[in-house]
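Structural description and commentary
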Number of protein chains: 2
Amino acid sequence: VAVDEELMGPSGGFSLDQLMELAGLSVAEAVVNVAPSAQTALVVCGPGNNGGDGLVCARHLVHFGLDVHVCYPTPRWADREPRPLFRGLVKQLSNLGVPFVRAPGKGWQGPVAPEGCGADEGLPRGAYDVVVDAVFGFSFGGDVRAPYDGLIEWMNAVGDERGCALVCVDVPSGWDVEEGPRPDSLCVRRPAALVSLTAPKKCALGLAPGTPHYLGGRFVTPSLVQAHDLVLPSFEGASQVTRLN
Amino acid sequence: VAVDEELMGPSGGFSLDQLMELAGLSVAEAVVNVAPSAQTALVVCGPGNNGGDGLVCARHLVHFGLDVHVCYPTPRWADREPRPLFRGLVKQLSNLGVPFVRAPGKGWQGPVAPEGCGADEGLPRGAYDVVVDAVFGFSFGGDVRAPYDGLIEWMNAVGDERGCALVCVDVPSGWDVEEGPRPDSLCVRRPAALVSLTAPKKCALGLAPGTPHYLGGRFVTPSLVQAHDLVLPSFEGASQVTRLN
């Protein structure tokens, strides 16, 4: 958290646009690494920056040749979305013809898709080779409310299916960033892979043995590594992502 | 040009931050493709967006493990630089400890480095395995004035050396984007490689036979390809760059 804030602060000089672009690209690269033969993907996006990383990831997956759907059940859509970056990210996906699909579960009466985007009744189980969980990130706490409860239940059902890889962005949705799965709360149960962003997240200790853990985001400076006692691995070639285990 | 404008306009939804980040990353990827064993690089940046692509490229080359210097002789520095994106790009390089080196040639009395950045007398010939030409891009026309005349002469001397690859961003500096080298004007003479951005540039016909020509920038939509009669190649895997010849 502190590292991201310093990168984007006056002493770091990065814009959110830049960091989100590199983070989302690294997640997309991890997805094709985890599931190199995947042809279809669903990216499930939450209301905050974790969801923004998902929107960027979805766009790169389209350019990588996958058939991509997005589920982004936020009321802050189109005209009502005050963040120009997020309006832009949705526009970019819409221009690529990406369908926005309806969130499953009760309690969500919002629109299916941002204005002007193709809508789809979607979310059939078994339809996707990969599902990307970009619902909640490192700052999540408290209760899981609609429509996100239905989404997490749906992702857990998907995670139990053969042949569908559930790839989590930064922190599996509903997990505590340090402690891992929260026993008394709804959260993602069986990630097939985790992509930590900026720095490895301690909650990765809660992954099942052998679950791939990646680090994405190749923009941390040596002075930040030193100031925060980070231990970062090396990356190969021009890759934006590296596997940690 | 028109394609970039549409991508960044209201119908495209991209910010310059995003497109420059992806363009500069693709150039850095092309550099390590052209010169995989390079350890030292100088990135020479002009005053406009071509120079901004160079600043992004320089940062990624640092993360790729190269020892990188930057020459960026623009008076629009630090406090006097009105563009937050460019102030940020310089700050990011400064935070990585990248030295800014003095422009060669007469006629330039400006500062060596943006305020707060390490300055170096630099630009020794023979010191760099790669030199990246990010001085002028597709919109260049007219005369080459100081300090850019000295920079182009210096790059031409470098381009004649063995063991130094001169990689040009989008359009070799001083070339016409369509017609290639301008016979009556100072321009870059012997690019070792060209990285076209967004779409292949016609001036690539003016390259010496066998000179690698890359395309970088993986963000053009099928509808723009259709609207502008573009013929774009495919990219491999998660790569942001593809070789055209």
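The structure this text deals with has already been given above.
Report on the accompanying structure. Because the structure is predicted, anything quoted here is derived from the model rather than measured.

On to the side chain of Gln240(A), then. Positionally, Gln240(A) belongs in the loop between helix 6 (222-227) and strand 9 (241-243). Once you skip the residues sitting within four places of it in the chain, Gln240(A) turns out to touch Leu22(A), Leu25(A), Ser26(A), Glu29(A), Leu215(A), Gly216(A), Gly217(A), Arg218(A), Phe235(A), Leu25(B), His60(B) and Phe64(B).

Here we come to the pattern of salt bridges. Residues and elements named next belong to chain A. Enumeration according to the criterion identifies six salt bridges over all chains in this entry. Between Glu178 and Lys202 there is a salt bridge, with the nearest N and O atoms lying 3.7 Å from each other. Here Glu178 is found in the loop between strand 6 (165-169) and strand 7 (193-197), whereas its partner Lys202 is found in the loop between strand 7 and strand 8 (213-216), with 24 residues between them in sequence.

Looking now at the packing of helix 3 (residues 49-63) of chain B against helix 4 (residues 84-95) of chain B. Residues and elements named next belong to chain B. Across the interface, helix 3 lies against helix 4 with an axial gap of 9 Å and an inter-helix angle of 25°. The angle between the axes of helix 3 and helix 4 places the two elements in the roughly parallel class. At the point where helix 3 passes helix 4, the crossing takes the left-handed sense. Across the interface between the two elements, Asn49, Gly52, Leu55, Val56, Ala58 and Arg59 of helix 3 pack against Phe86, Leu89, Val90, Gln92 and Leu93 of helix 4. Across the contact of helix 3 with helix 4, the residue classes tally to seven nonpolar, three polar and one charged.

Okay, the pairing of strand 5 (residues 130-134) of chain B next. Put simply, side chains in a regular strand alternate between the two faces of the sheet. Residue and element names in this part refer to chain B. Of all five residues making up strand 5, five are buried, and the element is well covered by its neighbours. Neither face of strand 5 is open: one carries Val130, Val132 and Ala134, the other Val131 and Asp133, and all of them are buried. Both strand 1 (residues 40-45) and strand 5 contribute to a ladder of five bridges, which runs parallel. Looking across to strand 5, one finds that Ala41 is bridged to Val130.

Turning our attention to the packing of helix 2 (residues 16-34) of chain B against helix 3 of chain B. When two helices pack together, their arrangement is given by the angle between the helix axes and by the axis-to-axis distance. Residue and element names in this part refer to chain B. In the contact formed by helix 2 and helix 3, the axes pass within 7 Å of each other and the chain directions differ by 60°. When the axis of helix 2 is compared with that of helix 3, the two are oblique. When you trace helix 2 past helix 3, the crossing you get is right-handed. Taken together, the residues of helix 3 that come into contact with helix 2 (itself represented by Leu16, Met20, Glu21, Ala23, Gly24, Leu25, Val27, Ala28, Val31 and Val32) are Asn49, Gly52, Asp53, Val56, Cys57, Arg59, His60 and Leu61.

Before going further, it helps to examine unusual backbone geometry. Residues and elements named next belong to chain A. In this structure, Pro147 follows Ala146 across a cis peptide bond, with omega equal to 5°. Relative to the elements of secondary structure, Pro147 occurs in the loop between strand 5 (130-134) and helix 5 (148-159). With a phi angle near 70°, Asp170 is a residue other than glycine that sits in the positive phi range. Among the secondary structure elements, Asp170 is positioned in the loop between strand 6 and strand 7. On the accessibility criterion, Asp170 (5% relative accessible area) is buried.

With that settled, consider the relation of the copies chain A and chain B. Between chain A and chain B, which share one sequence, the superposing operator has a rotation angle of 180° and an axial displacement of 0.0 Å; the RMSD is 0.0 Å. Here the copies are linked by what is in effect a two-fold axis. When the interface residues of chain A are mapped onto chain B, 100% of them again fall at the interface, so both copies present the same face.

Further remarks concern the environment of Leu186(B). Residue and element names in this part refer to chain B. Among the secondary structure elements, Leu186 is positioned in the loop between strand 6 (165-169) and strand 7 (193-197). What makes Leu186 partly exposed here is its relative accessible area of 28%. Separated by 34 residues in the primary sequence, Leu186 and Ile152 place their C-alpha atoms 7.5 Å from one another. Once residues within four sequence positions are removed from consideration, Leu186 is found in contact with Val144, Asp149, Ile152, Glu153 and Gly174.

Another aspect to go through is the interface of chain A and chain B. Listed as interface residues are 32 residues of chain A and, on the opposing side, 32 residues of chain B. Buried surface at the junction of chain A and chain B, both sides included, amounts to about 2,500 Å², of which 59% is carbon and sulfur. When the area that chain A buries against chain B is broken down by residue, the three leading residues are Gln18(A), His63(A) and Arg218(A), summing to 21%. Put simply, chain A and chain B have zero salt bridges between them. Joining chain A to chain B, the criterion identifies 12 residue pairs in polar contact (both at pLDDT 80 or more). With seven residues, helix 2 (residues 16-34) of chain A is the single largest residue contributor to the side of chain A that touches chain B. Grouping the amino acids of the side of chain A that touches chain B by side-chain chemistry returns 12 nonpolar, 14 polar and six charged.

Turning our attention to helix 2 of chain A. With 19 residues, helix 2 of chain A should reach 27 Å at 1.5 Å per residue; the first-to-last C-alpha distance of 27 Å fits that figure. Within helix 2 of chain A, 15 of the 19 residues are buried, leaving the element largely enclosed by the surrounding structure.

On to the pairing of strand 8 of chain A. All names here are of chain A. Here strand 8 shows two buried faces, one formed by His213 and Leu215 and the other by Tyr214 and Gly216. Pairing of strand 7 with strand 8, which is carried by four bridges, proceeds in the parallel orientation. From the neighbouring strand, Leu197 faces strand 8, where its bridge partner is Gly216. Summarising the sheet, strand 8 and strand 9 pair through three bridges and their orientation is antiparallel. Note on strand 9: the bridge partner recorded for Leu215 is Thr242.

Analysis parameters
Residues numbered from 1 in each chain as written. Chains lettered and ligands numbered in written order. Predicted model: local features only at pLDDT ≥ 70, side-chain atom pairs only at ≥ 80, totals over all residues. Heavy atoms only, no water. Helix = DSSP H or I, 4+ residues; strand = E, 2+ residues; numbered from the N terminus. Contact = heavy atoms within 4.5 Å. Salt bridge = Lys/Arg side-chain N within 4 Å of Asp/Glu carboxyl O. Axes fitted to C-alpha atoms, helices over the stretch in contact; angles between N-to-C directions. Parallel < 35°, antiparallel > 145°, perpendicular 65-115°, else oblique. Left-handed = near helix turned anticlockwise from the far one by under 90°. Nonpolar A, V, L, I, M, F, W, Y, C, P; charged D, E, K, R; others polar. Buried < 20%, exposed > 50% of the residue type's maximum accessible area, 1.4 Å probe, protein only. Pairing = 2+ DSSP bridges. Least-squares fit on C-alpha atoms with pLDDT ≥ 70 in both. Buried area = accessible area lost by both parts, 1.4 Å probe. Polar contact = N/O pair within 3.5 Å; in protein donor to acceptor, adjacent residues only side chain to side chain. Expected span 1.5 Å × (residues − 1).

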